[in-house]
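# Structural description and commentary
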Amino acid sequence: MNFEEIIQSVYYKIKAIEDRGSLASYIPELEKVDPDCFGVHISTIDNFNFGIGNYNDKFSIQSIAKVISLSLAYSKLGEKLWDRVGVEPSGTAFNSLVQLEVENGKPRNPFINAGALVVSDILISNLNSPKEDFLSFVNSLSSNSEICYSNRIATSEKNVGFRNVALCNFIKSFGNIENEPSDVLDFYYNLCSLEMNCKEVSEVFIFLANDGRTLVDNKQILSKSQSKRINALMQTCGFYDESGEFAFKVGLPGKSGVGGGIVAVHPKQYTIVVWSPKLNKKGNSYRGMRFLEEFTTKSELSIF
Ligand code: GLU
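### Remarks on the overall build of the protein
From N to C terminus, the protein includes twelve helices and seven strands. Here the C-alpha coordinates of the protein stretch approximately 55 × 40 × 35 Å along the principal axes. Each of the 304 residues in the protein was classed as buried or not, and the buried ones make up 59%. Contacts in the protein between residues at least 24 apart in sequence constitute 69% of all its contacts with a sequence separation of at least 6. Roughly 12300 Å² of accessible area belongs to the protein as shown, and the carbon and sulfur atoms make up 48% of that amount. Averaged over its 31 positive side-chain charges, the protein has a centre that lies 3 Å from the centre of its 35 negative ones.

Following this line, the structure appears as structure tokens:
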């Protein structure tokens, strides 16, 4: 498969079309990014790497980080994790409170904010120095050790995070948050503030294409079955209210974030990351969605 040729041709095709998206504005710092950035990077499990465009520029990975925190919590708690958070698509907005009332504070899945807050709580209870240990975990997944939180982004989100405050307190009222809400929220905002470039994200996520094992040191992060389950969750819940559309048009497990990044995983083959900050109406990168649809069509490499 000539990935380089396919990626180049799809990249230039998508770059030429009008970008109908708009920047996320509810976190003020996210609006300051250059709207025309567009980068792509692929990593394969046999160590082929190729990037194009702004693939070396750091961006705010936002909700993409929820897959990494879930992976660490799953490795610590095993199947007990699912007593605290469900595995169903929510069909409601990523920051919605409505289902929690009737479902007794158990979030539908780990990728909506409610679920990611519960996962953050689990990590705080299970790590000695939660923020430092989580960052070391992220850095241990690839050969890169320069991945950091952005204090600027975390503070910007904290200043407007009224809904996350409400979610965290609401879940605590049902007993599904053990720690102080302010500590859980601080961890959560930092998690979402991680900055990486497309190359780093594709390298960090490669363990999910490699049956739960890192490529850098062959370390088993998750069992093969756990790794499959994370991919299943990305397939069903990774794209807000557009997860069905992504499965339909792209056909890969993946996760997006409001910073305009998308990571997609082809189990046993590759990870591919696209970053373009302008979002479509459902909150997913406009060009990212278009690029990946065209990429799996041209390469005929979806999981279906
Ligand atoms: N930190 C963001 C929030 O809580 C995450 C948004 C996202 O990428 O889905 O609103």
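### Remarks on unusual backbone geometry
Positioned with a positive phi, Y240 is a non-glycine residue whose angle comes to about 50 degrees. Y240 sits in the buried class, given a relative accessible area of 16%. Positioned with a positive phi, K268 is a non-glycine residue whose angle comes to about 70 degrees. Turning to its location among the elements, K268 is positioned in the loop between β6 (261–266) and β7 (270–275).

### Concerning the pattern of salt bridges
Evaluated as defined, the whole model comprises 15 salt bridges. Residues R229 and E79 are paired through a salt bridge, measuring 2.8 Å at the closest nitrogen-oxygen approach. One end of the pair, R229, is in helix α10 (residues 224–237); the other, E79, is in the loop between α2 (65–77) and α3 (98–102), with 150 residues separating them in the sequence. Take E79: its relative accessible area is 38%, and that puts it in the partly exposed class. Residues D211 and K268 are paired through a salt bridge, measuring 2.8 Å at the closest nitrogen-oxygen approach. With D211 in the loop between α9 (198–204) and α10 and K268 in the loop between β6 and β7, this residue pair connects regions lying 57 residues apart in the sequence. Taken together, the shared-partner salt bridges connect E29, K32, R152 and E195 into one network.

### Considerations on the site of the ligand
Taken together, Y26, Q62, S63, F94, N113, E157, N164, Y188, C192, Y240, G257 and V258 make up all the residues around the ligand. One of the side-chain N or O atoms of Y188 is found 2.6 Å from an oxygen atom in the ligand. When the free accessible area of the ligand is taken as 300 Å², the share hidden by the protein chains comes to 99%. For the shell around the ligand, the residue count by class is six nonpolar, five polar and one charged.

### Re the side chain of N231
Its location among the elements puts N231 in helix α10. Its relative accessible area of 5% is what places N231 among the buried residues. Excluding its chain neighbours within four sequence positions, the residues that come into contact with N231 are L208, P253, V265 and P267.

### Quick look at the state of the cysteines
Enumeration over the complete set of coordinates arrives at zero disulfides. Of all cysteine sulfurs, the one in C198 lies closest to C37, which takes part in no disulfide; the gap is 9.7 Å. Free cysteine C192: the closest other cysteine sulfur is in C168, separated by 12 Å. What makes C192 buried here is its relative accessible area of 1%.

### Quick notes on the sheet that holds strand β2 (residues 49–53)
Taken in spatial order, the five strands line up as β2-β1-β7-β6-β5 in an open sheet, and their pairing is antiparallel. Strand pairing shows two members of the sheet lacking a second neighbour, β2 and β5 (254–256), which therefore form its edges. Taken over all neighbouring pairs, the strand axes of this sheet differ in orientation by 10 degrees on average, direction set aside. Here three bridges tie β5 to β6, and the two strands are oriented antiparallel to one another. Residue S256 lies in a different strand from β6, and its bridge partner there is I262. Strands in contact with helix α1 (residues 3–16) are β1 (39–44), β2 and β7; relative to β2, the strand with the most contacts, it is inclined by about 15 degrees.

### Brief notes about the packing of aromatic side chains
Taken as a whole and judged by the stated rule, the model has 16 aromatic pairs. Centroid distance F134 to F187: 5.8 Å. Interplanar angle 65 degrees. Geometry classified as edge-to-face. One end of the pair, F134, is in helix α5 (residues 130–140); the other, F187, is in helix α8 (residues 181–192), and 53 residues separate them in sequence. An aromatic cluster is present here, built from F3, Y11, Y12, F38, F48, Y270, F291 and F295 joined pairwise through their rings. Over the aromatic face of Y240 sits the side chain of K255, whose NZ or CZ is 4.7 Å from the ring centroid.

Definitions and limits used
- Residues numbered from 1 in each chain as written.
- Predicted model: local features only at pLDDT ≥ 70, side-chain atom pairs only at ≥ 80, totals over all residues.
- Heavy atoms only, no water.
- Helix = DSSP H or I, 4+ residues; strand = E, 2+ residues; numbered from the N terminus.
- Buried < 20%, exposed > 50% of the residue type's maximum accessible area, 1.4 Å probe, protein only.
- Contact = heavy atoms within 4.5 Å.
- Areas by Shrake-Rupley, 256 points an atom, 1.4 Å probe, with all protein chains shown as cover.
- Lys, Arg positive; Asp, Glu negative; His and termini not counted.
- Charge placed at Lys NZ, Arg CZ, Asp CG, Glu CD.
- Salt bridge = Lys/Arg side-chain N within 4 Å of Asp/Glu carboxyl O.
- Near = heavy atom within 4 Å.
- Polar contact = N/O pair within 3.5 Å; in protein donor to acceptor, adjacent residues only side chain to side chain.
- Nonpolar A, V, L, I, M, F, W, Y, C, P; charged D, E, K, R; others polar.
- Disulfide = S-S within 2.5 Å.
- Pairing = 2+ DSSP bridges.
- Axes fitted to C-alpha atoms, helices over the stretch in contact; angles between N-to-C directions.
- Phe/Tyr/Trp six-rings, centres within 6.5 Å; stacked < 30°, edge-to-face > 60°.
- Lys NZ or Arg CZ within 6 Å of the ring centre and 35° of its normal.

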